[in-house]
There are 2 protein chains.
Amino acid sequence: MPQNKAWTLASHPTGWVKEENFKLVTSAAPQPAGGEVLVKNLWLSLDPYMRGRIGTAKSYAKGVSVGEVMVGQTVGEVVESRHPQLKPGDKVLTQLGWQLFGVTQEAIKIDERGAPLSYYLGILGMPGLTAFFGLQEIGQPKPGETVVVSAASGAVGSVVGQLAKIAGCRAVGIAGGREKCDYVTRELGFDACIDYKAEKDLRGAVERACPKGVDVYFDNVGGEILDTLLARMNLFGRVVVCGLISNYNATEPYRLQNLMAVLVNRLKVQGMIVFDWKDRYGEGLAALAGHLARGRLKYRESVVQGLENAPRGLIDLLQGKNFGKQLVKL
Amino acid sequence: MPQNKAWTLASHPTGWVKEENFKLVTSAAPQPAGGEVLVKNLWLSLDPYMRGRIGTAKSYAKGVSVGEVMVGQTVGEVVESRHPQLKPGDKVLTQLGWQLFGVTQEAIKIDERGAPLSYYLGILGMPGLTAFFGLQEIGQPKPGETVVVSAASGAVGSVVGQLAKIAGCRAVGIAGGREKCDYVTRELGFDACIDYKAEKDLRGAVERACPKGVDVYFDNVGGEILDTLLARMNLFGRVVVCGLISNYNATEPYRLQNLMAVLVNRLKVQGMIVFDWKDRYGEGLAALAGHLARGRLKYRESVVQGLENAPRGLIDLLQGKNFGKQLVKL
């Protein structure tokens, strides 16, 4: 029987996550019960939402308790099966978390021929679907409108901007650092990108990058950037509240002052989580796969090697050090 | 020729409005040009939005400049007509502002037999339509849900709560003072009303009044009350941002801290102004008049006597001293 390694939660972080909030434990790999498969994990996805799961504040899903294995979406290979539809060697998308092996009844078989396995954790997974449904269903971009997205080089933001271009919009990114901004404009084809770390006058930068104002703001960060964008929204603008990464590690939340813009410009500010469209994932995946196949969507991954480095990878992600979709190769 | 009296703006207020921000001027009544009527105003509506028009901040409509006659909706009687469809004696709904006489091409003939003339400035006017469209189109209440409305005894709030009851919802008001709260529950039929002036623990009071949480919050005040309600909203709750009266007189806007609730509970927070539905006023008026005729809507007015007292009436309104729809009888 193979040996399992797993990261468990050692303590709930306050403020920034530290490596000591996790503990690596070793045990025998579990045995599959009837209906289950034993899966060897190949890829682990690291995502900003994980900060919410390990904190003490209320989030949209059950949190991880101290001593439990850290949660996360995974791609792996079936090594032993007592599941009626799966056999050893099948590649599967699962939620087995930060460990080398796991057993589950809930494994979705995926096809290696269509796309690299890791894509099912990114552009053909939750981040891609988040971008697709958030932009289409809440943002509702019309040709000629201006769409701004923060964390523009990230797994969600990069897809939002490219979908906005496909929809005939002006796409403007916000990202931290020259390298990310160059990637967003030169490789992903956004019309402009604002480097919020270098820019002293964020408001002025938004005005210059969006001469016709902002119709859709897809927000992955919250805080001051959201506040600044609220004041630049056009009449009947839409703000997709997808992530508030700037708040996740804050002990005191940022306090928003530009609410008056919501009234004056009749804005719609709406929160979203991709699970809300789970009955329509097929539609989203078909659209994303079609754009990928036609070369209309570009995609980049940031890979950390080895389970041991998962905590460091999450910390880097929360600090914006990643570049594209953050993964751990197990 | 009759003598006219008019309140003009003497200076833009900073913080609370003062009587000295207005100046009463006397002149000859104007003569109607071709296509115009000369109207003797009978009723003047006072509304919270007026604070936005006389301030220096951007609002959703053109502001009043120093020296201009103060704006406002009016009901009056035609005294002289060069308008093809109107004749002396006709009662009309107009936007002639704070003055005894005015000329206009834009006068809507109203029917005294259906309802008292002043109702066209309230329950059958902009406040009633604001309540109707804001609740129906953004709030979208379903039977069994809980609807909370602030400024619950006011011209808009009183209608929102009663329409919520008609829709089969639990209606909870927020108002300032025992007398207003008693009116809201005993006369208007709300299920509960929170006296925010007496209540030390607003959050606890909302929890007690809304044991199943809040599905729709119709916000007329903004500030701390909005912030508190955001944290009590149910999954997929809707917040109608209709007025931010608490901000209108503030020199520094309140800074909202519970934005995380928008993400976690996938809330929709949407700004509105009744003009957005101007093509559908007929539908709203028919519904409101129908409810009135069947005795399902109750309505109360707060009347100030004489044009001279208009500034005082507006100041009292902005301080929450009115009780029901605020009017000036000219």
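Residues numbered from 1 in each chain as written. Chains lettered and ligands numbered in written order. Predicted model: local features only at pLDDT ≥ 70, side-chain atom pairs only at ≥ 80, totals over all residues. Heavy atoms only, no water.

Turning to the pairing of strand 11 (residues 214-219) of chain B, a few remarks are in order. All names here are of chain B. Strand 11 sits mainly inside the fold: six of its six residues count as buried. Bridge count for strand 8 (residues 146-150) against strand 11 is three bridges, and the pairing is parallel. Considered in strand 11, the bridge of Val149 is made with Phe218. Bridge analysis of strand 11 against strand 12 (residues 233-241) gives five bridges, and the strand direction is parallel. When the sheet's bridge partners are listed, Asp219 is paired in strand 12 with Val241. Remark: the strand 11/helix 6 (residues 223-230)/strand 12 crossover connection has right-handed handedness. (Buried < 20%, exposed > 50% of the residue type's maximum accessible area, 1.4 Å probe, protein only. Helix = DSSP H or I, 4+ residues; strand = E, 2+ residues; numbered from the N terminus. Pairing = 2+ DSSP bridges. Right-handed = clockwise from strand over helix to strand, strands pointing away.)

Moving on: the relation of the copies chain B and chain A. Between chain B and chain A, the superposition needs a rotation of 180 degrees and an axial shift of 0.0 Å, giving an RMSD of 0.0 Å. Taken together, the rotation and translation relating the two chain copies correspond to the operation of a two-fold axis. Same-surface contact between copies: 100% of interface residues of chain B are shared with the interface of chain A. (Least-squares fit on C-alpha atoms with pLDDT ≥ 70 in both. Contact = heavy atoms within 4.5 Å.)

Below, the discussion takes up the sheet that holds strand 13 (residues 268-271) of chain B. Strand pairing within a sheet occurs via backbone hydrogen bonds; the two strands may be parallel or antiparallel. The twelve strands lie next to each other as 10(A)-9(A)-8(A)-11(A)-12(A)-13(A)-13(B)-12(B)-11(B)-8(B)-9(B)-10(B), forming an open sheet whose pairing is mixed. Only two strands of the sheet have a single partner each, and these edge strands are strand 10 (192-195) of chain A together with strand 10 (192-195) of chain B. Ignoring which end each strand starts from, the neighbouring axes of this sheet average 15 degrees apart. Lying on the sheet, helix 6 (residues 223-230) of chain A is in contact with strand 8 (146-150), strand 9 (170-175), strand 11 (214-219), strand 12 (233-241) and strand 13 (268-271) of chain A; it crosses strand 11 of chain A at an angle near 165 degrees. Contacts from helix 3 (residues 157-166) of chain B reach strand 8, strand 9 (170-175) and strand 11 of chain B, with the element oriented near 170 degrees to strand 8 of chain B. (Axes fitted to C-alpha atoms, helices over the stretch in contact; angles between N-to-C directions.)

In this fold, B:Lys268 is placed in strand 13. Here B:Lys268 sits buried without a salt bridge, and the closest side chain of opposite charge, B:Glu137, lies 8.8 Å off (N-O distance). Apart from residues lying up to four places away in sequence, B:Lys268 is in contact with A:Lys268, A:Val269, A:Gln270, B:Ile138, B:Gln140, B:Gly237, B:Arg238 and B:Val239. (Lys, Arg positive; Asp, Glu negative; His and termini not counted. Salt bridge = Lys/Arg side-chain N within 4 Å of Asp/Glu carboxyl O.)

Phi at A:Ala151 takes a positive value of approximately 50 degrees, unusual for a residue other than glycine. Of note, A:Ala151 is situated in the loop between strand 8 and helix 3 (157-166).

A separate point is the environment of A:Ile225. All names here are of chain A. Secondary-structure assignment places Ile225 in helix 6. Owing to a relative accessible area of 11%, Ile225 belongs among the buried residues under this scheme. Spatially, the C-alpha atom of Ile225 lies 8.2 Å from that of Ser150, the residues being 75 residues apart in sequence. In this structure Ile225 touches Ile174, Tyr196, Leu202 and Tyr217, once residues within four positions along its chain are discounted.

Let us look at the interface of chain B and chain A. Of the residues lining the interface, 32 residues belong to chain B; the matching set on chain A comes to 32 residues. Counting the surface lost from both chain B and chain A, the interface buries some 2,900 Å², and carbon and sulfur atoms represent 62% of this. Joining chain B to chain A, the criterion identifies two salt bridges. In this structure, B:Asp276 and A:Arg266 form a salt bridge, with 2.6 Å as the shortest nitrogen-oxygen distance. (Buried area = accessible area lost by both parts, 1.4 Å probe.)

This brings us to the packing of aromatic side chains. Under the counting rule described, the total for this entry stands at ten aromatic pairs over all chains. For the pair A:Phe132 and A:Phe133, a centre-to-centre distance of 5.1 Å together with 85 degrees between the ring planes defines the contact as edge-to-face. Of the two residues, A:Phe132 and A:Phe133, both sit in the buried class. Each ring, one from B:Tyr183 and one from B:Phe323, has its centre 5.0 Å from the other, and the planes form 70 degrees; the classification is edge-to-face. Highlighted residues: B:Tyr183 in helix 4 (residues 178-187) and B:Phe323 in the loop between helix 10 (310-318) and strand 15 (325-329), separated in sequence by 140 residues. The exposure class of B:Phe323 is buried, given its relative accessible area of 12%. An aromatic cluster is present here, built from A:Phe132, A:Phe133 and A:Trp277 joined pairwise through their rings. The ring of A:Tyr183 has A:Arg300 sitting right over it, with the charged end atom 4.8 Å from the ring centre. Stacked on the ring of A:Trp43, the Lys or Arg A:Lys329 has its end atom at 5.4 Å from the ring centre. (Phe/Tyr/Trp six-rings, centres within 6.5 Å; stacked < 30°, edge-to-face > 60°. Lys NZ or Arg CZ within 6 Å of the ring centre and 35° of its normal.)

Here the focus is the state of the cysteines. Linking two cysteines covalently through their sulfur atoms gives a disulfide. Here the structure, examined in full by the defined rule, presents zero disulfides over all chains. The thiol of A:Cys169 is unpaired, and the distance to the nearest cysteine sulfur, on A:Cys210, comes to 12 Å. (Disulfide = S-S within 2.5 Å.)

Residue and element names in this part refer to chain B. For the structure on display, the rule yields 40 salt bridges over all chains. The closest approach of N and O atoms between Lys165 and Asp191, which form a salt bridge, is 2.9 Å. Placement of Lys165 in helix 3 and of Asp191 in the loop between helix 4 and strand 10 is noted, with a sequence separation of 26 residues between them. With relative accessibility at 32%, the residue Lys165 sits in the partly exposed group. Asp191 sits in the partly exposed class, given a relative accessible area of 35%. For Glu187, the salt bridge goes to Arg300, with nearest N and O atoms at 3.5 Å. With a gap of 113 residues between them, Glu187 in helix 4 and Arg300 in the loop between helix 9 (281-293) and strand 14 (301-305) connect regions that are remote in the sequence.

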